[in-house]
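Descriptive structure summary
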Amino acid sequence: MAFRERDNFYVVTGCSGAGKSAIIEALKARGFLCVDEAGRTIVQEQVRVGGDGTPWQNRAKFRELLLSRYLYLFDQIKERKQPVFFDRGIPEILTFSRSLSIPAPEHHRAAARLYRYARTVFVTPPWPEIFKTDEERRHSYDDALAEYPLMLEAYRESAYQPIEVPRGPVSERVDFILQHVRAP
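Now for a quick tour of the structure. Residue numbering note: each chain is counted from 1, following its sequence as written. Note on the predicted model: pLDDT of at least 70 is required for a residue's local features to be given, and 80 or more for side-chain atom pairs to be given and counted; whole-chain, interface and lining totals, by contrast, use all residues. Side-chain metrics in this entry use all non-hydrogen atoms of the structure; hydrogen atoms and water are not considered.

Our focus in this paragraph is empty space enclosed by the protein. Method remark: on a 1 Å grid restricted to protein atoms, a set of points is classed as a cavity if a 1.4 Å probe fits but cannot get out and as a pocket if it is open with protein on both sides within 12 Å along at least five of seven lines; lining residues have an atom within 4 Å of a point. Grid points are joined across faces, edges and corners, and a volume is the space filled by probe spheres set on the points. Following the criterion strictly, the structure yields 1 cavity of 30 Å³ or more and no others. Size it by volume and the largest cavity reaches roughly 40 Å³. Think of it this way: any DSSP run of H or I at least four residues long counts as a helix, any run of E at least two long counts as a strand, and we number them from the N terminus. Of all elements in the fold, only α3 (59-76) and β4 (84-87) reach the threshold of two or more residues within the lining of the largest cavity. Each residue gets one of three labels, nonpolar for Ala, Val, Leu, Ile, Met, Phe, Trp, Tyr, Cys and Pro, charged for Asp, Glu, Lys and Arg, and polar for the others, Gly among them. For the lining of the largest cavity, a count of residues per class yields 6 nonpolar, no polar and 4 charged.

Here we come to the packing of helix α1 (residues 20-29) against helix α7 (residues 170-179). Close contact between α1 and α7 brings their axes to 9 Å; oriented N to C, the two are set at 75°. The angle between the axes of α1 and α7 places the two elements in the roughly perpendicular class. Here Ala22, Ile23, Ala26 and Leu27 of α1 come into contact with α7, specifically with Val170, Arg173, Val174, Ile177 and Leu178. Counted by class, the contact of α1 with α7 contains 8 nonpolar, no polar and 1 charged residues. Interaxial angles span 0 to 180 degrees and are taken between N-to-C directions of axes, which are lines fitted to C-alpha atoms, for helices over the stretch in contact. Here is the rule for angles: anything less than 35 degrees is roughly parallel, anything more than 145 is roughly antiparallel, 65 through 115 is roughly perpendicular, and the remaining ranges are oblique. Here, residues are in contact when the closest pair of their heavy atoms is within 4.5 Å.

Okay, the nonpolar core next. Grouping buried Ala, Val, Leu, Ile, Met, Phe, Trp, Tyr and Cys residues that are joined through side-chain atoms within 4.5 Å yields what is termed a nonpolar core. Burial classification: accessible surface area is computed with a 1.4 Å probe over protein chains only, and a residue below 20% of its type maximum counts as buried, one above 50% as exposed, and the rest as partly exposed. Ranked by size, the top nonpolar core spans 36 residues in total, and within it Phe9, Leu66, Phe86, Ile90 and Tyr117 carry the most contacts. In terms of residues, this core owes the most to one element, helix α6 (residues 141-157), which gives 6 residues. Ranked by size, the runner-up nonpolar core spans 16 residues in total, among them Ile23, Phe176, Ile177 and Val181.

Structure follows, in structure tokens:
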């Protein structure tokens, strides 16, 4: 099976409610191509159609929908030179399995091996002051905090180098990320 390596694809990940989406929106405003969070989109779609593929209804189905969407989004982006930023990435599927205390199926591990982003992954650390729940994010801050080390572990085991994005104003966080991005 052929690797799909995209060294201009950068993942912004981290603790839920730690400002990832705000960073992605600010990168969009600066003219960068960005890919929204797959999990949130899936939840919105499932709620809209009355489906049960959500993390609080059918976790196994959600996990498969999530993997499928990650692969689809990865393959849809044709840009090969300019930086592209993803709100979460394929190794998140391994995190989800770990949070359920079940082994990741081999096809999930294969996806993390074969679909490769830039080695540097930007991680937003837990930030309780800005965390909030909403219709798509129903888990608590404690749940998000418990998933955080599992996410770091999944990225490290998938041969990525997580770099923590310092807390601060969104513009400073974006500047930090852009200082670490490989220029085309």
